[in-house]
Amino acid sequence: MSVLAINGGTRVRSEPYPAWPQVDQRDADAVADVVLNGQIGGWPEPGPRNAEFAARFASYQGASHGIVMVNGTVTMEVALKALGIGWGDEVIVPALTFAATAYAAIAAGALPVIVDVESERWTIDPDAVEAAITPRTRAIMPVHLGQQMADMDRLAAIADRHGLALVEDCAHAHGQRWGGRGAGCIGAFGSFSHQSSKTLTAGEGGTLLTGDDDLARRAHSIIDCGRPKDAAEQQFTFGANYRLGELACALLCTQLDRFEAQRAERETGARLFEQLADGLTGVSINPIHPQITRWGFYRYLFRIDPDAFAGATCKTVADALEAEGIAAEVQYPPMSRYDLFQPQLSRLPVCVVHANRLDPGRMSFPVAESAGEREAVYLNESVFRAGRQGVEDAVTAIAKVQQHAHELTAVRT
Ligand SMILES: Cc1ncc(COP(=O)(O)O)c(C=O)c1O
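Read on for an overview of the structure.

Parameters at a glance
Residues numbered from 1 in each chain as written. Predicted model: local features only at pLDDT ≥ 70, side-chain atom pairs only at ≥ 80, totals over all residues. Pairing = 2+ DSSP bridges. Helix = DSSP H or I, 4+ residues; strand = E, 2+ residues; numbered from the N terminus. Axes fitted to C-alpha atoms, helices over the stretch in contact; angles between N-to-C directions. Buried ≥ 20, exposed ≤ 12 C-beta atoms within 10 Å, placed from the backbone. Left-handed = near helix turned anticlockwise from the far one by under 90°. Contact = placed C-beta atoms within 7 Å. Nonpolar A, V, L, I, M, F, W, Y, C, P; charged D, E, K, R; others polar. Expected span 1.5 Å × (residues − 1). Arc of directions from axis to C-beta.

Okay, the sheet that holds strand β12 (residues 299-304) next. Strand order in the open sheet formed by four strands is β10-β12-β14-β13, with antiparallel pairing between adjacent strands. Of all strands in the sheet, those bounded by a partner on one side alone are β10 (283-284) and β13 (328-329). Across two bridges, β10 lies against β12 in antiparallel orientation. Opposite Ser 284, over in β12, you have Arg 303 as the bridge partner.

Structure (structure tokens):
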């Protein structure tokens with residue numbers, strides 16, 4: 001008889017994990033207040049709720065400016081444009097991330113140059129970054145993936161040495177800190193997503209953080225159809241309407257009220273997970289970089305050894321965990337598997353100077369490929385908001401799936 005729930009056995013957890021986002025009357029009141037009394041749209045930019053959220057979130061992370069817009073993809077496009085990056089330029093991105101990171105470079109007119117991630121933490125490999133720099137390179141876009149942060153000390157040193165901009169993709173890293181500095185406050189810009197699954201959400205939205213007055217002014221102008229933001233100069237920029245409406249900004253304000261308590265709860269849960277999962281057969285936890293001084297994560301990643309799971313890879317194991325009632329999944333395929341970034345398959349404009357940079361023969365990223373296709377299992381943030389039991393259930397289910405992994409040969413995906 002089958003033991004694993006994916007084969008009809010009894011699941012470890014029957015109670016659902018807590019829903020996301022957490023909302024109550026305060027959110028409804030905040031939105032109603034905008035509807036009844038205020039400016040509903042995003043123009044004039046920034047509206048009052050937008051400005052309130054931008055100032056509070058920037059201060060929470062430790063930046064002097066927040067620029068709030070429609071999502072966490074255009075944030076990165078706008079950051080690159082504000083930095084003057086575009087046609088003919090190259091931007092280095094990691095091979096393990098959501099497509100948005102590379103898409104943003106393309107949307108700005110630049111070429112994303114994809115490099116592998118470090119084997120210890122699955123964030124962009126600084127050695128690979130340095131090896132990929134050419135005279136056309138203008139920026140590095142590290143992604144703080146899962147509970148990790150990219151090695152910002154090494155990347156900042158490389159960026160300084162080569163005169164490059166750093167734009168941090170912090171879609172997973174609200175609340176995270178590196179050496180006491182907030183994620184998104186180390187590079188020229190930090191980009192955050194407020195899409196519905198993210199840990200600070202209004203359904204949609206994105207925020208750019210920066211400490212530079214001039215970059216902030218340019219970003220505000222780009223997202224507001226290029227309108228001048230400097231009364232004295234009256235300068236127009238190329239821009240479009242990327243403004244976020246005030247209804248969503250009102251929700252961002254109420255969600256920010258709850259954020260620190262939620263972050264602390266997830267951190268406590270994740271520390272418990274690390275204790276309880278220590279010693280599980282076939283499972284390892286990537287070491288947290290000692291420079292991470294505060295944890296804020298969206299998905300928690302752990303590593304499986306497929307050999308210890310009867311050859312099953314991360315997708316099958318995540319499916320088996322989900323059947324056990326655990327909020328687990330796999331996320332990103334390595335960039336080498338996206339048709340989008342294969343010039344012969346996509347409509348990516350490859351000019352002669354760039355042709356060799358997009359040669360599919362160069363698209364080999366062994367660490368990202370192994371992580372994305374064999375090893376990386378993501379636990380949803382909700383696992384860590386369900387008290388001790390929520391975490392214990394996850395650990396029990398992982399051990400159960402490993403012990404009965406021979407059953408998975410029938411269900412391999
Ligand atoms: C790493 C990463 N970067 C960027 C984004 C894009 O954010 P948005 O969906 O708000 O455009 C996401 C969203 O899933 C993401 O996970």
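In sheet architecture, strand pairing relies on hydrogen bonds along the backbone and comes in two forms, parallel and antiparallel. Taking strand neighbours across the sheet as the criterion, the seven strands line up as β1-β9-β8-β5-β4-β2-β3 in an open arrangement whose pairing is mixed. Where the open sheet ends on each side, the last strands, each with one partner, are β1 (65-69) and β3 (111-115). Put simply, the sheet's adjacent strands are angled 25° from each other on average, direction ignored. When strand β5 (residues 165-169) meets strand β8 (residues 189-193), the two strands line up parallel, connected through three bridges. The partner of Glu 168 across the bridge, within β8, is Gly 190.

Turning to unusual backbone geometry, a few remarks are in order. A cis amide bond links Trp 20 to the next residue, Pro 21, at an omega of 0°. With respect to the helices, strands and loops of the structure, Pro 21 is situated in the segment before α1 (25-37). With omega at 0°, the peptide bond leading from Trp 43 into Pro 44 counts as cis. Mapped onto the secondary structure, Pro 44 falls in the loop between α1 and α2 (48-61). Although it is not a glycine, Cys 225 sits at a positive phi angle of roughly 60°. Residue Cys 225 is classed as partly exposed on the basis of its 16 C-beta neighbours within 10 Å.

Take the pairing of β12 next. Two faces make up the sheet, and in a regular strand the side chains alternate between them. Of all six residues making up β12, five are buried, and the element is well covered by its neighbours. Inspection of the sheet shows β12 paired to strand β14 (residues 376-380) by five bridges, in the antiparallel sense. For Leu 301, the partnering residue across the bridge sits in β14 and is Tyr 378.

This part is about helix α7 (residues 213-223). The buried fraction of α7 amounts to eight of the eleven residues, a majority that puts the element mostly inside the structure. Taken together, the buried positions of α7 are occupied by Ala 216, Arg 217, Arg 218, Ala 219, His 220, Ser 221, Ile 222 and Ile 223. Just downstream of α7, Cys 225 is the residue with a positive phi angle, here 60°.

Another point: the packing of α1 against helix α8 (residues 246-277). Two elements in contact, α1 and α8, have axes whose closest approach is 9 Å; the angle formed by their N-to-C orientations is 145°. Note on packing geometry: the crossing formed by α1 with α8 is right-handed. Only Glu 246, Leu 247, Ala 250, Leu 251, Cys 253 and Thr 254 of α8 make contact with α1, whose side of the interface consists of Arg 26, Asp 27, Ala 30, Val 31 and Val 34. Partitioning the contact of α1 with α8 into residue classes produces seven nonpolar, one polar and three charged.

Turning to helix α11 (residues 387-403), a few remarks are in order. With 17 residues, α11 extends 25 Å from end C-alpha to end C-alpha; this agrees with the ideal 24 Å at 1.5 Å per step. Listed in full, the buried residues belonging to α11 are Gly 390, Val 391, Asp 393, Ala 394, Ala 397, Ile 398, Val 401 and Gln 402. In an axial view of α11, the angular spread of the buried residues amounts to 165°, which keeps them on one side of the axis. Facing away from the buried surface of α11 by more than 90 degrees, the exposed residues are Arg 388 and Gln 389. Close packing links the buried residues of α11 with α8, β10, α9 (314-323) and β14.

Turning our attention to the pairing of β1. For β1, the buried fraction is high: five of the five residues fall into the buried class. Taking every second residue as pointing to the same face, both faces of β1 are buried, with His 65, Ile 67 and Met 69 on one and Gly 66 and Val 68 on the other. Where β1 and strand β9 (residues 206-210) come together, five bridges link them in antiparallel fashion. Of the residues in β9, the one forming a bridge with Gly 66 is Leu 209.

Just geometry here; none of it tells us what the structure is for.
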